[in-house]
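Geometric and topological summary
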Amino acid sequence: MRLFFASGCPYAQRTRALLTLLDQPFEPREIDLEAKPADFLALSPTGAVPLLDDEGFVLFESAVVNEYLAEKFAWRDALPADVRERARHRLAMKRFDDVLAPLFFRALREPNAVDAHPTWRRELAYFAEISRGAPTTSLLGLHVAPHWLRMTWTQPDSRVVAELRAAAGPFLDASLSLPSIIATSTIALALRSSGRAS
């Protein structure tokens, strides 16, 4: 099983963290996103990472790859047992990717981006409701942790970070302390070596 990734990519970190958590061996293939190798481009319809090659079965998109791996390795804690709760976790992951994370980065460039977003408050409330009481050692926890790490490292005083922390801080912050997140994070390693993290 080969995993193509870029070390600074939060999407690829999700899959590396999951494989680390599950203690599953894989062949890591770190690539330079500015000079993508031909064997990677031959497999990837998007040119994005992560890309998993499981003995010729190729998948991309981190959420899809991680659900596949969770099922393949029978990880019981990946999603809730209840079918409706599973659907809500999947929706929370999708909305985090489609709205909350992009809004943070847009707000770095456009100060009025948060106020201009028509559904920001409802998206935040929905994510807070789903994450409340959810285990961080889950697909949801692994899904949000890499972006939350980048948000809190890049702009810890931003409005989006402050409001996410107020709404879902215990879940988000606990996800950062997952050993597999720490082990696969270039930011966590940099903070440790600089003495800024314990």
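Before going into details, it helps to say that this report is about the structure given with it. Quick caveat, the model's predicted, so the values are computed rather than measured.

Analysis parameters
Residues numbered from 1 in each chain as written. Predicted model: local features only at pLDDT ≥ 70, side-chain atom pairs only at ≥ 80, totals over all residues. Heavy atoms only, no water. Helix = DSSP H or I, 4+ residues; strand = E, 2+ residues; numbered from the N terminus. Buried < 20%, exposed > 50% of the residue type's maximum accessible area, 1.4 Å probe, protein only. Contact = heavy atoms within 4.5 Å. Core = buried A, V, L, I, M, F, W, Y, C linked by side-chain atoms within 4.5 Å. Pairing = 2+ DSSP bridges. Axes fitted to C-alpha atoms, helices over the stretch in contact; angles between N-to-C directions. Nonpolar A, V, L, I, M, F, W, Y, C, P; charged D, E, K, R; others polar.

Now for the side chain of glutamine 13. Inspection of the secondary structure puts glutamine 13 in helix 1 (residues 10–21). For glutamine 13, a relative accessible area of 0% puts it in the buried group. With residues up to four places along the chain from it excluded, the contact list for glutamine 13 reads Pro146, Arg150, Ile181, Thr184 and Ser185.

This next bit is on the nonpolar core. Soluble, globular proteins show a tendency: their nonpolar side chains are buried together. Among the nonpolar cores identified, the biggest contains 46 residues, and Trp75, Phe127, Leu139, Leu140, Met151, Leu164 and Leu172 are the most heavily contacted of them. Breaking this core down by element, the ones donating at least two residues are helix 1, helix 3 (62–72), helix 4 (83–109), helix 5 (113–116), helix 6 (120–131), helix 7 (139–154) and helix 8 (159–176). Apart from the residues lying within four places of it in its own chain, the contact partners of phenylalanine 127 are Ala92, Phe96, Leu100, Leu140, Val144, Leu164, Ala168, Phe171 and Leu172. In terms of nonpolar packing, the next biggest core, distinct from the first, is built from 9 residues, Phe5, Cys9, Ile31 and Leu51 among them.

This part covers the sheet that holds strand 1 (residues 2–5). If you trace the 4 strands from one edge of the open sheet to the other, you get 2-1-3-4, paired in mixed fashion. Edge positions in the sheet fall to strand 2 (27–30) and strand 4 (57–60), since each of these pairs with one other strand and no more. Within this sheet the neighbouring strands show an average axis-to-axis angle of 15°, counted without direction. Across 4 bridges, strand 3 (residues 51–54) lies against strand 4 in antiparallel orientation. Bridge pairing in strand 4 links aspartate 53 to valine 58. Each of strand 3 and strand 4 is contacted by helix 3, which is oriented at about 130° to strand 4, the strand it contacts most.

Let us look at the packing of helix 4 against helix 8. Orientation of helix 4 relative to helix 8, taken along the N-to-C sense of each, is 145°, at an axis distance of 9 Å. From helix 4, Leu100, Leu103, Phe104 and Ala107 reach across to helix 8, where they touch Val160, Val161 and Leu164. Broken down by class, the residue content of the contact of helix 4 with helix 8 amounts to 7 nonpolar, no polar and no charged.

Within the secondary structure, leucine 19 sits in helix 1. Considering only alpha carbons, one finds leucine 19 and leucine 3, 16 residues apart in sequence, at a separation of 9.8 Å. Non-local contacts of leucine 19, meaning those with residues more than four positions away in its chain, are made with Met1, Leu3, Gln24, Phe26, Leu69 and Phe73.

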